[in-house]
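Here's the letter readout for the chains.
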Amino acid sequence: MAESQVPDRHAQLLAYARSLTPPSGWKIEVSGDEIIMMAGPSVIHQRNLLIVREQFDAHRPADLMPSENTDLASPNVGKLRNPDLTYIPIAVVEHGGNEVPAEQAAIAVEIVSPSNPENDLVGKVRDYPLMHIPLYLLIDPRDGVVTLYSEPADGVYHRRWNGKFGDRVPIPEPFAFALATGALIRYPA
């Protein structure tokens, strides 16, 4: 009986979160039984995202498009996440709406927020493999480190690459390139 109630509870929470109208510049995410509201990013965050996006755009497969702040939904596990950058099939545009099934995302890219780092460092490391997102690139300007999670199975990522700003991150298929991180900017101390 409890198993049939879990999806209903998640569906109700997702429906409630979707009914909210956040203030301009804010976004909403759902993880389990939590609704998370986050403020818009800083200019350092935006600059780092641009550095990363330009490189991914140069190596993206023709059938994928970049999307910033797209809701990736996994109702069956009660997750609604909104990565800073993702690449999704161009074909999803035909379905319209504001959400994309999370399992269609090729990658989730996050720039760690100084105001809520646990969301990216703990919550999304837990949620993204459950949502079947194959790659999770985590950039932390607080410490100048980069982590790439890959090979999700059984609800966890089984491979983790760690480096620091200045290293080249080996991004696997479908992108297949080495991400240069030397131009990334750290947050002020």
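Read on for a plain summary of the structure. No experiment lies behind these values; they were computed from the predicted model shown.

1. Things to note about the overall build of the protein chain
Per the secondary structure count, the protein chain includes three helices and 13 strands. Looking at the protein chain as a whole, 45% of its 189 residues qualify as buried. In the protein chain, the share of contacts with a sequence separation of at least 24, taken over all contacts with a separation of at least 6, comes to 53%.

2. A look at the environment of I35
Residue placement: I35 occurs in strand 2 (residues 34-38). With 45 residues separating them along the chain, I35 and L80 place their C-alpha atoms 9.1 Å apart.

3. Considerations on the side chain of R81
By the element assignment, R81 lies in strand 5 (residues 79-81). Within the structure, R81 has its side chain in polar contact with the side chain of D127 (distance 2.8 Å).

4. What about the pattern of salt bridges?
Applying the stated criterion across every chain yields a total of 11 salt bridges. One salt bridge in this structure joins R126 and D127, with 3.0 Å as the shortest N-O distance. Under the relative-accessibility criterion, R126 is labelled partly exposed at 40%. Measuring nitrogen to oxygen at the nearest pair gives 2.7 Å for the salt bridge that ties R142 to D140. A relative accessible area of 29% means that R142 is categorised as partly exposed. Owing to a relative accessible area of 4%, D140 belongs among the buried residues under this scheme. Through salt bridges with shared partners, a single ionic network connects K79, R81, R126 and D127.

5. Observations regarding unusual backbone geometry
Omega for the bond connecting E173 with P174 falls within 30 degrees of zero, at 10°, which places this linkage in the cis form. Mapped onto the elements, P174 comes out in the loop between strand 12 (168-171) and strand 13 (177-180). Not every positive phi belongs to a glycine, and H132 is a case in point at roughly 65°. Looking at where H132 falls in the secondary structure, it is placed in the loop between helix 3 (117-130) and strand 9 (135-140). Residue H132 is classed as exposed on the basis of its relative accessible area, which comes to 53%.

6. Describing helix 2 (residues 43-59)
End to end, helix 2 covers 25 Å across 17 residues, agreeing with the expected 24 Å (1.5 Å per residue, within 8%). Restricting attention to buried positions, one finds in helix 2 the residues I44, H45, N48, L49, I51, V52, Q55 and F56. The arc that holds the buried residues of helix 2, viewed along the axis, is 155°, so those residues lie on one side. For helix 2, the exposed residues set more than 90 degrees away from the buried face come down to V43 and A58. Tucked inside the fold, the buried residues of helix 2 contact strand 6 (85-89), strand 8 (107-111), strand 9, strand 12 and strand 13.

7. Comments concerning the packing of aromatic side chains
What the rule picks out here adds up to seven aromatic pairs. Geometrically, the ring pair formed by Y149 and Y157 is tilted, given 5.7 Å between the ring centres and 35° between the ring planes. Taken individually, Y149 and Y157 each receive the classification buried, so the pair is uniform in this respect.

8. What about the nonpolar core?
Counting 25 residues, the largest nonpolar core has F56, L137, I139 and F175 as the members making the most contacts within it. Going through the elements one at a time, helix 2, strand 6, strand 8, strand 9, strand 10 (145-153), strand 12 and strand 13 are the ones with two or more residues in this core. Looking at which element gives the most residues to this core, the answer is helix 2, with five residues. Those residues in contact with F175 that sit more than four places away from it in its chain are F56, H59, R60, P61, L64, Y87, A106, I107 and L135. Judged by nonpolar contacts, the second largest core, of 15 residues, contains L72, A108, Y128 and Y136.

The rules we used
- Every chain's residues receive numbers from 1 upward, in the order its sequence appears when written.
- In view of the model being predicted, local features appear only for residues whose pLDDT reaches at least 70, and side-chain atom pairs are presented and counted only at 80 or more, with totals across whole chains, interfaces and linings using the full set of residues.
- By convention in this description, side-chain values take in all heavy atoms of the structure and omit both hydrogens and water.
- Think of it this way: any DSSP run of H or I at least four residues long counts as a helix, any run of E at least two long counts as a strand, and we number them from the N terminus.
- Each residue gets one of three labels from its accessible area relative to the maximum for its type: buried under 20%, exposed over 50%, partly exposed in between, using a 1.4 Å probe on protein chains only.
- Two residues form a contact once any of their heavy atoms are found within 4.5 Å.
- Counting of polar contacts relies on pairs of N or O atoms within 3.5 Å, with two restrictions inside protein: one atom must be capable of donating a hydrogen and the other of accepting it, and residues adjacent in sequence are counted only when both atoms are side-chain atoms.
- Salt bridge, as used here, is a side-chain nitrogen of Lys or Arg placed within 4 Å of a carboxyl oxygen of Asp or Glu.
- For a helix, the expected span equals 1.5 Å multiplied by the number of residues minus one.
- Taken from the helix axis, the directions to the C-beta atoms give the arc we talk about.
- In summary, the pairing rule links any two rings of Phe, Tyr or Trp, Trp by its six-membered ring, whose centres are within 6.5 Å, and it sorts them by plane angle into stacked for under 30 degrees, edge-to-face for over 60 and tilted for everything else.
- We define a nonpolar core as any set of buried Ala, Val, Leu, Ile, Met, Phe, Trp, Tyr and Cys residues linked to one another through side-chain atoms lying within 4.5 Å.

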